[in-house]
Each structure stands twice: as structure tokens, then as C-alpha cells.
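Per-entry structural report
Read off the chains here:
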Amino acid sequence: MTKVLVVDDDFMVAKLHSHYVNATEGFSVAGVAHTGAEALRAAERLRPDLLLLDIYLPDMDGISVLRRLRALEGGTHADALFVTAARDAHVIRDALRAGALHYLIKPFDKSSLQEQLRHVAALRTRLERLGEASQEDVDQIFGTRPRASRGLPKGLAAHTADLVERTLRQHEDGLSASECAAAGALSRVSARRYLEYFTGTGQAEVSLRYGGTGRPERCYRWVASPGINHR
């Protein structure tokens, strides 16, 4: 479970973002702060994995909050996702330099935030599983950002579709929904939705795998070239 500290001076916005976070599988809100000082104290006390951080706070800006947390002795290792109305290019540049994973401009909907959260989860999982990184691993970690879900049905995210595609392509003999979920750090229900989508669009094929007892299991295999419909 990824613990999130939500930081926003607007109480209603903080409540809404907290709802979005708690509705995302694998994430929970560890605490809420409405000022920079509150955020610093809460981060030191709660040790969150992720900061959902606004730029405009009444006592200091969110970038200063992140910099102070990084400068503390034994400072936080939390990742930071900025969620703000600030559109100035220099602010975005400063956020990146301070170590932000990404930057969402308000207003945004639930699916936009959840797609970013799933990207954070996938990135953390990838890093945890790596012993020694190849250049391909590094390029994906530093260069990949979730894309808009054009071409996908409502409720499906491009980043997760890419993850399921890569997982299938790495297992040429095919995978069940449970096996794909385990390999991609997804829920079985989520993996099944993407697998059935790929099957329906002809990018994957499904066959029945018969075991010793019980009902046969659906086994999915990638058959298309990479990235046909969801890029």
C-alpha cells in the first residue's frame, strides 16, 4: 500500500483529492495538510511514500516544502506529484528540478489523477524489482510518462495498457489473467479487463488451458505488433 500525504490549502479540494486517492487500488491517504508548515511536520511524522503537493500554500510554496524535506537530515524519500493551478513555465521547471515525478494542472478529473498514481505505483514496483539496471530500464524509468488514453474505452488507461502489453509480449506461451496480474503488479480484475480488450481488438488471442480439475482457464497470448491502438 502506497501511503499518500495530501497537501492543499483548500479544504474541499484536499477532501476531493483524498477521495480520489483512496479510490485508487493500492493507495491510501496517510494524512492531510493545509499549509507548508503542517506538511513538513506531517511528512516527518507519517513518513509517506508520496506527496500530493499544491504549489500555492499560505505560508510557503509547495516547491519550497519539497526542497526543505529533501534537505532535512535523514530527509524524506517520498516521491512528489504536484497538483496545482500554477501554469508558469518557470514554476514547472523549478518543480522538476526539486524532484517532482510529475505535474498535474488543475482542474483535472478523477481518471487523470488515478492514471498518474498508477504510473507512480508501476515505477516504484519496477525500481524495487531491479537489481542491476540496463540502459533500457533507465530510459523507461526516466523517459516514460503516462499518455492520454485516446483510442481506449472509458476507464482504461494508456499506461496500464502498455504494461499489460509488455507483460504479454514477455511471455510468448501466454498468460492467464491471474498470472498477468502477478507479473504486472495489477489486480486480477484489472488485468482481465485489459486482456479482454486486447482480445476484442485482435491484438491478443485467447485459448482454453485445461488443468487437472475444475473449469478450464482462459490463456491470453499477444499476436499483434506493439502499440497498435493505444498509443
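Up top you'll find the structure we're talking about.
What this report covers is the structure whose coordinates are included nearby. (Residues numbered from 1 in each chain as written. Predicted model: local features only at pLDDT ≥ 70, side-chain atom pairs only at ≥ 80, totals over all residues. Heavy atoms only, no water.)

Some words on the overall build of the chain
Note the threshold: Helix and strand definitions follow DSSP, with helices as H or I runs of at least four residues and strands as E runs of at least two, each counted in order from the N terminus. For every residue, the accessible area (1.4 Å probe, protein chains only) is compared with the maximum for its type, and the residue is labelled buried under 20%, exposed over 50%, or partly exposed between those bounds. Should any heavy atoms of two residues lie within 4.5 Å, those residues are considered in contact. Methods summary: accessible areas were calculated by the Shrake-Rupley approach with a probe of 1.4 Å, and residue burial reflects only the protein chains presented.
Per the secondary structure count, the chain includes nine helices and seven strands. Per-residue burial for the chain yields a buried fraction of 44% across its 231 residues. Contacts in the chain between residues far apart in sequence, at least 24 positions, make up 60% of those at least 6 positions apart. For the chain, the computed accessible surface area is about 12300 Å², with 50% contributed by carbon and sulfur atoms.

Remarks on the sheet that holds strand S4 (residues 79–84)
Note the threshold: Two strands qualify as a pair provided DSSP detects at least 2 bridges between them. In this analysis an axis means a line fitted to C-alpha atoms, helices contributing only their contacting stretch, and an angle means the value between N-to-C directions, from 0 to 180 degrees.
Spatially, S2-S1-S3-S4-S5 is the arrangement adopted by the five strands of the open sheet, whose pairing is parallel. Each end of this open sheet is capped by a strand with a single partner; those strands are strand S2 (27–33) and strand S5 (102–105). Strand-to-strand twist of the sheet, defined as the mean angle between neighbouring strand axes without regard to direction, takes the value 20 degrees. Two strands pair when backbone bridges link them, and strand S3 (residues 50–53) and S4 are joined in this way by four bridges, in the parallel orientation. If you follow Leu53 over to S4, its bridge partner there is Phe82. Each of strand S1 (2–7) and S2 is contacted by helix H2 (residues 36–46), which is oriented at about 165 degrees to S1, the strand it contacts most.

Details of the pairing of S1
Note the following rule: Here is how to tell: hold the view so the strands point away, follow the path from the first strand over the helix to the second, and if it runs clockwise the crossover is right-handed.
Burial analysis of S1 places five of its six residues in the buried class, the great majority of the element. By the bridge criterion, six bridges tie S1 to S2 in an arrangement that is parallel. Bridging from a neighbouring strand, Leu5 pairs with Gly31 of S2. As a crossover connection, the stretch from S1 through helix H1 (residues 11–22) into S2 is right-handed. As judged from the four bridges shared by S1 and S3, these two strands associate in the parallel manner. The residue of S3 that forms the bridge with Val6 is Leu52.

Overview of unusual backbone geometry
Note that the residue after Lys106, namely Pro107, is joined by a cis bond; omega there is -5 degrees. Of note in the backbone geometry, Ala185 takes a positive phi value of approximately 60 degrees without being a glycine. Here Ala185 shows up in the loop between helix H8 (177–184) and helix H9 (188–200).

Section: the nonpolar core
How we decide: Side-chain atoms within 4.5 Å are what join buried Ala, Val, Leu, Ile, Met, Phe, Trp, Tyr and Cys residues into a set we call a nonpolar core.
Counting 25 residues, the largest nonpolar core has Val65 and Phe82 as the members making the most contacts within it. Those elements that provide at least two residues to this core are S1, H2, S3, helix H3 (62–71), S4 and helix H4 (89–98). Among all residues touching Val65, those that are not within four sequence positions of it are Gly36, Ala39, Leu40, Leu53, Leu57 and Met60.

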